[in-house]
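Report on the structure
For reference, the chains in residue letters:
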Amino acid sequence: MGDSPTELNLGRKSVARPRQRETPAPEQRPDEIPKSDENSLRFLRVLGVEDFKKIEFSDRLTTFSRDGKEIGNFFVSVSTSSNGLGQGLLVKATSVGNIDGLLCGTKITAIISPNMLETVEHRQNDFLFLKDDCLKRDTEIVKQGNGFLITRCTARAQETRKTSRFVEQRHAIGLISEGADLILQRLLALKGISGDVSLIALDTNTNIGSAKYERLTGEMKDGVIGISRTVFPWQDTPVTWHSQFTKRGQLIQRHQIGAAFTMKLSPIEIRKSMNGAASCTDRENKGQSLTSGCSNGKTRYAEDSEIYLKQHPELRTITTDFLQLLFVQKPANVPLFAANYFSSLASESDSSESTAVGTT
């Protein structure tokens, strides 16, 4: 999509004109699909278990407008997941923001195989709440047999459009979904990207375009690695993102070129990241006592709560999304609204898990 799939509608004025009808995209022929660079594929092939262990953590950034106003947040986590195809990486990402009084955002849940970062399953939900309407766009990529089934469903009011296509494996070598991209950029920062990395990715219309990664040069703080990612869509305009990472792969800033917002850590958190400050859970894993770790003034209850939050990073995302939606819609019956919201969330979670386990 022209907007970043993890940042739908944030800063792109085009989304503020919802009355325009979406024009069906022309079908891309197999011979029009670009190919990944062989050296880049070699980089994916040599990634090992130890590399993936180093990037299993969460990042949380705040979204700021050009004038410095806080307008949203971005959260991403990578953890180990077991599914029907064996061990994989579970990626969860949420971007929510308020642009000109409109609540919009994206949620991604993906299972990525350690084998060349191949997508096993990828679910992406984009939304934009208008005054009297809601735009939704759901994209799903599922590994099936010798290829990938890609489904797109767009809904607004009473109108729903659904399209699907199957891409054979031989035409999708090096395909990096948005979930896989969040892993890849951490690895590029961790291993120190030097030359260009050229792979393939989905564009706005779920066609396949080129994706180029390169290291940013210029003014960078010591210990900061800048990465540029440009997606060259099929029959569309390229879109570029600039991100900054610590050498440990932690994201400290993310910006889509041309957008009216930037995602970044607070100055205090940046200093902690650059200094390699350990969290309570990090110290516990190293055999150190919590009471002598993060804060001597914390009670055991607070420490246990912090550990639980660390084990369940989705809690912050769930509560943040719920409160923002609550304040936008302002329902008269809050308990009923909450019951419907969380029951829908539970059904979605059950569906995702059962599909992942049953994937063949």
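Residues numbered from 1 in each chain as written. Predicted model: local features only at pLDDT ≥ 70, side-chain atom pairs only at ≥ 80, totals over all residues. Heavy atoms only, no water.

The next subject is the overall build of the chain. In terms of regular secondary structure, the chain is built from 8 helices and 14 strands. Here the chain holds 360 residues, and the buried ones make up 47% of them. Contacts in the chain between residues at least 24 apart in sequence constitute 50% of all its contacts with a sequence separation of at least 6. (Helix = DSSP H or I, 4+ residues; strand = E, 2+ residues; numbered from the N terminus. Buried < 20%, exposed > 50% of the residue type's maximum accessible area, 1.4 Å probe, protein only. Contact = heavy atoms within 4.5 Å.)

Below, the discussion takes up the pairing of strand β5 (residues 119-129). Burial runs high along β5: 9 of the 11 residues are buried. The pairing of strand β4 (residues 102-112) with β5 spans 9 bridges and is antiparallel. Considered in β5, the bridge of A110 is made with H122. Joining the antiparallel neighbours β4 and β5 is a turn of 6 residues, in which M116 adopts a positive phi near 60°. Bridge analysis of β5 against strand β6 (residues 134-144) gives 9 bridges, and the strand direction is antiparallel. The partner of D126 across the bridge, within β6, is R137. (Pairing = 2+ DSSP bridges.)

Residues of helix α1 (residues 38-45) that are buried: S40, L41, F43 and L44. For α1, the angular spread of the buried residues around the axis is 150°, confining them to a single face. On its buried face, α1 is in contact with α3 (178-191) and β9 (197-202). Between the side-chain oxygen at the start of α1 and the backbone nitrogen of N39 there is a gap of 3.1 Å, and the oxygen is on D37. (Arc of directions from axis to C-beta. Polar contact = N/O pair within 3.5 Å; in protein donor to acceptor, adjacent residues only side chain to side chain.)

For the coordinates displayed, the defined rule picks out 2 aromatic pairs. Positioned over the ring face of F148 is K143, at 5.8 Å from the centre of the ring. In this structure, R186 is placed above the aromatic ring of F57, and the distance from its NZ or CZ to the ring centre is 4.1 Å. (Phe/Tyr/Trp six-rings, centres within 6.5 Å; stacked < 30°, edge-to-face > 60°. Lys NZ or Arg CZ within 6 Å of the ring centre and 35° of its normal.)

Turning next to the side chain of S228. Looking at the element boundaries, S228 is found in strand β11 (residues 224-232). Using a relative accessible area of 4% as the deciding quantity, one classes S228 as buried. Contact partners of S228, with chain neighbours within four places excluded, come to K212, Y213, E214, L216, T240, W241 and H242.

Turning next to the pattern of salt bridges. Here the structure, examined in full by the defined rule, presents 15 salt bridges. When the shortest N-O distance is used, the salt bridge between D31 and R29 registers 3.2 Å. When its relative accessible area of 47% is taken as the criterion, R29 is described as partly exposed. One salt-bridge network, in which partners are shared between bridges, spans R29, D31 and E32. (Salt bridge = Lys/Arg side-chain N within 4 Å of Asp/Glu carboxyl O.)

If you trace the backbone, A93 turns up in strand β3 (residues 86-99). Linking A93 and G179, residues 86 residues apart in sequence, is a C-alpha distance of 8.0 Å. Aside from chain neighbours lying at most four places away, what touches A93 is F75, V76, T106, K107, I108 and L182.

The next subject is unusual backbone geometry. At M116, a residue that is not glycine, the phi angle is positive and equals roughly 60°. When you line up the elements, M116 lands in the loop between β4 and β5. In this structure M116 comes out as buried when scored by relative accessible area, which is 19%. Non-glycine residue T206 carries a positive phi angle of around 60°. With respect to the element layout, T206 can be found in the loop between β9 and β10 (208-215).

Take it as geometry only, folks, not as evidence of what the structure does.
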